[in-house]
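Residue-level structural notes
So you can see what is in the structure, the chains are spelled out below.
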Amino acid sequence: MSAAYFITGTDTDVGKTTIAAGLLHAARSAGMSTAAGKPVASGCDVTPKGLRNSDALALLAECSLPLTYAQVNPVAFEPPIAPHLAAREAGVALTVQSLLTPMLAILDMQADFTLIEGAGGWRVPLADQDNLSDLAMALGLPVILVVGVRLGCINHALLTAEAIAQDGLQLAGWVANIIDPKTSRLEENLATLAERIPAPCLGRVPKLKSVTAEAVAEHLQLDLLD
């Protein structure tokens, strides 16, 4: 039976892709087929094959189904700026529908485990009044929240969880990605998150010396997902 999730974070650079790749690797290790999508990506490198984003490449590397780069990341921008600004500068109409169609195509492949990864946090603008959260709503997928554990993360995590619920989507689980292991009262902060986020914690990922999907997967529990 196939399962699919939208993965978001409490902010930019909280390790969404690191955790997503780890989840995909854990699924593959459990014998599941995997697929992933990164609908829009900024901060891409210019290559002979076109624009390439390191996050999208990391996801593609953990896909067992035969996906192309363009399928995983259909909209790519070179500047490392907010997607709606990059789209405006490039003269590209960035809409929910333009991202929805290629992501539905990935979901239609019916992998055992599929992740669609957002960009930045939950309320990232696309164009006009559309946000990336509107894409998540259109897909109707349960959400996995990556909490970048550092000073201020409790507020960011709880506000994001509230916004996901207000948008009518299920928060299926969350992951504590410990960005700053020197965070004051780390264990107390993690306990507060566990008490207040209305979903299971899928794992605590420590600050790793070697950040690989395999290493991250060791700290995650897929079986806690609905």
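Note that the coordinates shown come from a computational prediction; the quantities given were computed from them, not determined experimentally.

1. A few points about the sheet that holds strand β1 (residues 3-9)
Pairing within the open sheet is parallel, and its six strands lie in the order β2-β7-β1-β8-β9-β10. Of all the strands in the sheet, just β2 (34-37) and β10 (201-205) have a single pairing partner and so form its edges. Between one strand and the next, the sheet's axes are offset by a mean angle of 20°, whatever the strand orientation. Relative to strand β8 (residues 143-149), helix α7 (residues 153-166) is tilted by about 165°, and along the sheet it contacts β1, β8 and β9 (171-178).

2. Structural notes on the pairing of strand β7 (residues 113-117)
Along a regular strand, successive side chains alternate from one face of the sheet to the other. For β7, the tally of buried residues reaches five of five residues, placing the bulk of the element in the interior. The alternating pattern of β7 places F113, L115 and E117 on one face and T114 and I116 on the opposite face, and all of these are buried. In the sheet, β1 pairs with β7 via five bridges, with the strands oriented parallel. Following the sheet pairing, A3 is matched in β7 by F113. Here β2 pairs with β7 via four bridges, running parallel. Bridge pairing links T34 to F113 in β7.

3. Things to note about the UniProt feature "binding site: substrate" (unreviewed entry) in the protein
Residues annotated by UniProt as "binding site: substrate" (unreviewed entry) correspond here to S42. Among the structural elements, S42 can be located in the loop between β3 (40-41) and β4 (45-47). Setting aside its immediate chain neighbours within four residues, S42 contacts N53, F77, P79, P80, I81, A82, P83 and A86.

4. Notes on the UniProt feature "binding site: Mg(2+)" (unreviewed entry) in the protein
Annotation from UniProt places "binding site: Mg(2+)" (unreviewed entry) at T17, D55 and E117. Look at the named residues: they lie 101 residues apart in sequence, but the longest C-alpha span between them is just 9.5 Å, so in the fold they bunch up. For T17, the location among the structural elements is in helix α1 (residues 16-29). Setting aside residues up to four positions removed in sequence, T17 forms contacts with D55, A58, L59 and E117. The class for E117 is buried, based on a relative accessible area of 1%. Ignoring anything within four residues of it in the chain, the contact list for E117 reads I7, K16, T17, A20, G37, K38, P39, D55 and L59. A distance of 2.7 Å separates a polar atom in the side chain of E117 from a polar atom in the side chain of T17.

5. Some details on the pattern of salt bridges
Applying the stated criterion across every chain yields a total of five salt bridges. Two residues, E187 and R204, come together in a salt bridge whose shortest N-O distance is 2.9 Å. Of this pair, E187 sits in helix α8 (residues 186-196) while R204 sits in strand β10, and the two are 17 residues apart along the sequence. Its relative accessible area of 46% is what places E187 among the partly exposed residues. When its relative accessible area of 39% is taken as the criterion, R204 is described as partly exposed.

Parameters and conventions
Residues numbered from 1 in each chain as written. Predicted model: local features only at pLDDT ≥ 70, side-chain atom pairs only at ≥ 80, totals over all residues. Heavy atoms only, no water. Pairing = 2+ DSSP bridges. Helix = DSSP H or I, 4+ residues; strand = E, 2+ residues; numbered from the N terminus. Axes fitted to C-alpha atoms, helices over the stretch in contact; angles between N-to-C directions. Contact = heavy atoms within 4.5 Å. Buried < 20%, exposed > 50% of the residue type's maximum accessible area, 1.4 Å probe, protein only. UniProt positions renumbered as here; feature names shortened; annotations may be inferred. Polar contact = N/O pair within 3.5 Å; in protein donor to acceptor, adjacent residues only side chain to side chain. Salt bridge = Lys/Arg side-chain N within 4 Å of Asp/Glu carboxyl O.

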